[in-house]
Amino acid sequence: MTDLTHDTPADLTADRAGADVVDLDAARADRLPYGTLPPALDGDPTGDPAGGPTAGPQAPTARRSAARDTSFEIELDDPPPADAAPVLVDSLGAAAPTAPPVQKRRPIIPSALRRANLGATIRATAARWGYIAGFHAVRSPWYLLKVAWWAIVGVFRLAGRQLRWWWVNEQYLLLQQAASDNDPAMWLKLHREGKATRRWRGVVLFFQLIALFIAVMVVLGLPALWQAVIVAGLVPVLARYGRPAGRQLIPSAVVTRRYRRLNSDIVLRAYYSANLGHPERPNQQIEFGAAMAREGNGSKVLVNLPYGKTFDDAVKARPAIASGLDVALSQVTISRDPESHRSHWLWVADSDPLATPAGRTPLLACKETDIWQPAPLGVDERGRPVTLLMLWTSILVGAQPRQGKSFTARLLALYAALDPYVRLEVFDGKGSPDWRKFALVAHSCGFGFTLTRDGDPLETFVQMLRDLKADVQARYQKLSELPVDVCPEGKLTRDIARDPKYGMPVRLVVIDECQEYFDTGDKELNKEISGLLVFLVKVAPAAGVIVLDATQKPGGVGTGDAATAFTSFRDNHQVRIALRTGSWQVSDLVLGSGANSEGFDSSTLLPSYKGVGILRGAGDDTPTVRFHLADAEDAEKILLAARKLRERAGTLSGMAAGQAAVREVRDVLADARCVFEGSETGLSWAQIAARLAERIPEHYADLTGDAISAQLRDLNVPSVNIKRDGQVLKGAKRAAIEAAMSRRDQTGS
C-alpha cells in the first residue's frame, strides 16, 4: 500500500478567501511561476512567497513571484490610494469597513471528543486496544520462549563485549598502521599503552565479577516474589542485547504503513509526462500557486497550467497524472480553482480511498428525517460527507448486477421512509426480496409480475401511474390558485406539503428494474406505461413528486417505440448515479452524454469496489462516492421505525394501512392465464387448480381440477391432452385461454 506525504508539513501561506486586498490581478500575481518553489517546500519559515530561493533552471531571480505580467491586462479602475485601508465587501456589495476579517479557526474541542462523538471515540479506542491485547495474549507463550532464548544469548554477548573491552580491541588498527609504516617506536609505544590499559581494565573487570557474584547471592537470598520481579526486569534487557539486529522480539499487532514522499519534482514529472506542459519550451512550464499541504488523509497543492491549458484538460489527463505520480487512479482528485480556469487543486490520497467502506448508514439511529433536507449518501474520496437533496428532482441509478445498485437506491428510499409525511410508491420489476419490506410503509407497492392475493402487480402499477399523473396535474392547478402568502412563487412548500387539508404531500416513486415495465408483452399497455413514465420524469418533480429509478440495462429493452420511449425516460433524469458498469458507453448512458469526455467513467471502478459509484448532476462537483451500507436486516429495522413514526403522525395509508384491494369479482380466464409461467404452452387441470389455490386463495382455496375444467369449458376453452413430465393428462392450452379472452373482449360478454 502506497502512502504519500509532502516534504514539509507547512500549511498554506495565505488564506485567499480571507485576504485583505480585493484585487484580481494582485491575487493572480501571488501565484508562483515555474522554477520558484512555495515557501513550505523551500523551508522558508516566514511564509513569504517572494522570499524563497529558486529551484529551477528557468527562474531568473528569487523574487520573480513578486512580478506580474501585465502585457494582456487592462486596468479598469483607478488604483487605490497608497494609504487606503483594505475594505471588506459583503455578498451584497455593501462596504463593511468595520467588520473583522473572517478567519478559519480550528475547534477548541476536537470533533472526536465532542459529546455526540465521545461514545463512538471511546468504543473505537477500546476496540483497538482490546484487539492489540488479544493479539499479544494469544502469542504470549511464544514470546516468553523467544525472550528467554535471546536473554541467554544476551548474557554471552555481554560477556564477549566485556572481554573485547578488556583486551583493547580498538587498538588493533593503530598497531597495524604502525607496522605498515615501519615505525617500531610508535608500535612499541602503542604496545606499552595497550598493556597498561589491559592491566587496569582487568582490575575493573575482576571487581565487576565480584560485584556480580555478590548480587547473585543477594538475589538468591531474597523471597521468591522479589526474585521473580528482578528476573522479569533483567531478562527483557538481556534479550534486547541478544536479539539479532533489526529484528523485533514482539511484532506489531497493527501494521503501520510506510509513506512515499510527495514533492514538487514528482508533481512536475507527472504533469509533464501527461503532456500538460514542457519544462524547456517558453510559457509551457507548470507553476505552483500555493504551498503543498496536508488535507485529511492526503496532500494537496494548487497547480497552474500553462496559458491555454484548461481545467478540462487536466481532468482528461487524470489517468496519465496518476501514472506519473505512480499511484492508483482513485487516489488522484482534481477540483476547480474558482479564480482561474487554468488552475486547479490537485489532491493525492495517501492510500486508495475507495477501498475502505463508508460503514453503516446513519439512518440506523431510526430518527425522524425531513425530506426537505439533504439525505446522507456516503463519503467522497477525501472522506467528506456526501448528501443529496431529493426534492425537485428525478434520480437514476445504474450499474452491473451485484454492484450495489438496489442497495444505493434503497438507501434514498429509507431516508424518505423515515419522514412520516412522505408518501411512498415502491415497485420492483424483478420481484427480488430487496424491496418487499417496504410494504410496511408504502401507500402502494408491487413486486414482479406474478399474480398475488393483492391482485395483479402490473395492474396496481399502471393504476398508480394514472393516479399520479392526475395528482400532478391537479397539484399545478391547486398551487396556482393558492394565495401568495400561502404559496409564494406558486411552488409547493413544507407547510403545504405537511398540511392534510391541501392534500399535496411529497411523494416518492421508486421503480427498480424500470426497464421491465417497458416490455410487458402487451404493446398497448407498453405504450401507456411508457407515456406515463416519461410524463412523470419530466413534469412530476417540480410538483413535489420525486422519481427514483434503478436499472441494470440502461440501454433499454426492445426496439421501435419501446426503445425510443425508454431513451426519453432515461435521459430526462436530472441526477445520475453510476456504480460499476461494463464499458464507458454504458457509463455514459447512466451518467449522461459527455460524462466520459469530462473524465467520469464508472467502468474504471474496480470489481472490489462494492457500493462505490459516481454521482453526477447533484451539484457542481461530480464526486466518486462510497455509499453507506444498509443491508436487509438494517432496512427492516429502519422500516419498522418508519412505520411507527407514520402511525404516530397518522399518515399511514394505502396498502401499508391494510387498504389493499382484494378483488370482489373474479375473472377465471384472466386468472387461469396468469398461472402460466415462462414458455409454458399448456398445463393440466390439476396444475392450474393448484396454482390458483396458492396464489389467489380468497377465491380458489378449495378449487379442484375438475372444477376449473368445468368453469373453463363453459367459457369455450377446450380440454385437450397435455404432455408433462412424461405423462399425458387432460388440461388447457395457453393459446386457447387467450383466444377465449379475445372473443369475450370482442363480443363484450
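Residues numbered from 1 in each chain as written. Predicted model: local features only at pLDDT ≥ 70, side-chain atom pairs only at ≥ 80, totals over all residues. Heavy atoms only, no water.

Tell me about the packing of helix α13 (residues 523–539) against helix α14 (residues 561–571), residues and numbers included.
Following both chains from N to C, one finds α13 and α14 inclined at 15 degrees, their axes separated by 9 Å at the closest point. When the axis of α13 is compared with that of α14, the two are roughly parallel. Our pair here, α13 against α14, has a crossing hand that is left-handed. In this structure, α13 uses Ser-530, Leu-533, Val-534, Val-537 and Lys-538 to contact α14, whose residues at the interface are Ala-565, Ser-568 and Phe-569. Counted by class, the contact of α13 with α14 contains five nonpolar, two polar and one charged residues. (Axes fitted to C-alpha atoms, helices over the stretch in contact; angles between N-to-C directions. Helix = DSSP H or I, 4+ residues; strand = E, 2+ residues; numbered from the N terminus. Parallel < 35°, antiparallel > 145°, perpendicular 65-115°, else oblique. Left-handed = near helix turned anticlockwise from the far one by under 90°. Contact = heavy atoms within 4.5 Å. Nonpolar A, V, L, I, M, F, W, Y, C, P; charged D, E, K, R; others polar.)

Residue-level account of the packing of aromatic side chains, with values.
Aromatic ring pairs are described here by two measures, namely the spacing of the ring centres and the angle between the planes. According to the stated counting rule, one finds 13 aromatic pairs in the structure shown. Aromatic side chains Trp-165 and Trp-200 sit 6.2 Å apart centroid to centroid with 90 degrees between the ring planes, which places their arrangement in the edge-to-face category. Of this pair, Trp-165 sits in helix α3 (residues 115–166) while Trp-200 is found in helix α5 (residues 184–220), placing the two residues 35 residues apart along the sequence. On the basis of relative accessible area, Trp-200 is assigned to the partly exposed category, the value being 47%. Centroid distance Phe-427 to Phe-461: 5.2 Å. Interplanar angle 70 degrees. Geometry classified as edge-to-face. Taken as a pair, Phe-427 in strand β11 (residues 422–428) and Phe-461 in helix α11 (residues 457–481) lie far apart in primary sequence, 34 residues in all. Through a chain of ring-to-ring contacts, three or more aromatic side chains come together here, namely Phe-427, Phe-449, Phe-461 and Tyr-517. (Phe/Tyr/Trp six-rings, centres within 6.5 Å; stacked < 30°, edge-to-face > 60°. Buried < 20%, exposed > 50% of the residue type's maximum accessible area, 1.4 Å probe, protein only.)

Please provide a residue-by-residue account of the side chain of Arg-691, values included.
Take Arg-691: it is sitting in helix α18 (residues 685–695). In this structure, Arg-691 is in contact with Val-675, Phe-676, Glu-677, Glu-680, Leu-683 and Arg-724, ignoring residues within four places of it in sequence.

Got a sec to walk through unusual backbone geometry? Specific residues and values, please.
As a rule of thumb, non-glycine residues mostly have phi less than zero, and peptide bonds are mostly trans rather than cis. Of note in the backbone geometry, Asn-275 takes a positive phi value of approximately 60 degrees without being a glycine. Looking at the element boundaries, Asn-275 is found in the loop between α7 (264–273) and β3 (287–288). Backbone geometry places Glu-513, a non-glycine residue, at a positive phi of 50 degrees. Relative to the helices and strands, Glu-513 resides in the loop between β13 (506–512) and α13. Residue class for Glu-513 comes out buried when judged on its relative accessible area of 2%.

Explain the sheet that holds strand β18 (residues 682–684) to me, and be specific about the residues and the numbers.
An order of β18-β20-β19 is seen for the three strands of this open sheet, with the pairing classed as antiparallel. Every interior strand has two partners, whereas the edge strands, β18 and β19 (720–724), have only one. Between one strand axis and the next, the sheet turns by 60 degrees as a mean value, whatever way the strands run. As judged from the three bridges shared by β18 and strand β20 (residues 727–733), these two strands associate in the antiparallel manner. Paired with Leu-683 across the strands is Ala-732, a residue of β20. Strands in contact with α18 are β18, β19 and β20; relative to β18, the strand with the most contacts, it is inclined by about 85 degrees. (Pairing = 2+ DSSP bridges.)

Just give me the short version of helix α9 (residues 318–325), but keep the residues and values in it.
When we look at burial in α9, the residues that qualify are Arg-318, Ile-321, Ala-322, Gly-324 and Leu-325. Seen end-on, α9 carries its buried residues on one side only, within an arc spanning 160 degrees. (Arc of directions from axis to C-beta.)

Help me get a handle on the nonpolar core, residues and values and all.
Ranked by size, the top nonpolar core spans 55 residues in total, and within it Leu-424 and Leu-508 carry the most contacts. For this core, the leading source of residues is helix α10 (residues 405–417), giving eight residues. Those residues in contact with Leu-424, other than ones at most four positions away along the chain, are Ala-416, Ala-417, Phe-438, Val-441, Ala-442, His-443, Ser-444, Leu-508 and Arg-646. Among the nonpolar cores identified, the runner-up in size contains 28 residues, and Leu-465, Val-472, Leu-536 and Phe-569 belong to it. (Core = buried A, V, L, I, M, F, W, Y, C linked by side-chain atoms within 4.5 Å.)

Explain the environment of Glu-647 to me, and be specific about the residues and the numbers.
Within the element layout of this structure, Glu-647 appears in helix α16 (residues 632–649). Judged by relative accessible area, which is 47%, Glu-647 ranks as partly exposed. In this structure, the C-alpha to C-alpha distance between Glu-647 and Ala-657, residues 10 residues apart in sequence, is 9.2 Å.

Give me the pairing of strand β9 (residues 385–388): which residues, what numbers.
Burial of the side chains of β9 is restricted to one face: Val-386 and Leu-388 are buried, whereas none of Pro-385 and Thr-387 on the reverse face is. Bridging between strand β8 (residues 375–379) and β9 involves four bridges; their strand directions are antiparallel. When the sheet's bridge partners are listed, Val-379 is paired in β9 with Pro-385. Counting the residues that bridge the hairpin from β8 to β9 gives five residues, and of these Gly-383 lies at a positive phi of roughly 80 degrees.

Let's hear about the sheet that holds strand β14 (residues 545–551): which residues, and what values?
A sheet is described by the order of its strands in space; here 10 strands give the open sequence β9-β8-β17-β16-β15-β10-β14-β13-β11-β12, paired in mixed fashion. The open sheet has two free edges, formed respectively by β9 and β12 (444–447), since each of these has just one partner strand. On average, each strand axis in the sheet is tilted by 25 degrees relative to the strand beside it, whichever way the strands run. Contacts between helix α15 (residues 584–591) and the sheet are confined to β10 (394–398), β15 (575–578) and β16 (612–616), with β15 contributing the most and set at about 150 degrees to the helix.

Can you break down the environment of Val-153 residue by residue, with the values?
Inspection of the secondary structure assignment puts Val-153 in helix α3. The class of Val-153 is buried, set by a relative accessible area of 17%. When the C-alpha atoms of Val-153 and Arg-243 are compared, they prove to be 7.6 Å apart, with 90 residues separating the residues in sequence.

So what's going on with the pattern of salt bridges? Residues and values would help.
Scanning the model with the defined rule gives 25 salt bridges in all. With its nearest N and O atoms 2.9 Å apart, the salt bridge here joins Arg-384 to Asp-380. For Asp-380, a relative accessible area of 5% puts it in the buried group. For the salt bridge of Lys-437 with Glu-636, the shortest nitrogen-to-oxygen distance reads 3.7 Å. Highlighted residues: Lys-437 in the loop between β11 and β12 and Glu-636 in helix α16, separated in sequence by 199 residues. Overall, Lys-437 belongs to the partly exposed group, its relative accessible area being 41%. What makes Glu-636 partly exposed here is its relative accessible area of 31%. (Salt bridge = Lys/Arg side-chain N within 4 Å of Asp/Glu carboxyl O.)

Residues and numbers for the environment of Val-267, please.
The residue Val-267 is located in helix α7 in this model. Expressed as a C-alpha distance, the spacing of Val-267 and Ile-286, which sit 19 residues apart in the sequence, is 9.3 Å. Leaving out residues up to four positions away in the same chain, Val-267 has contacts with Leu-262, Phe-288, Met-292, Val-303, Leu-325 and Leu-346.

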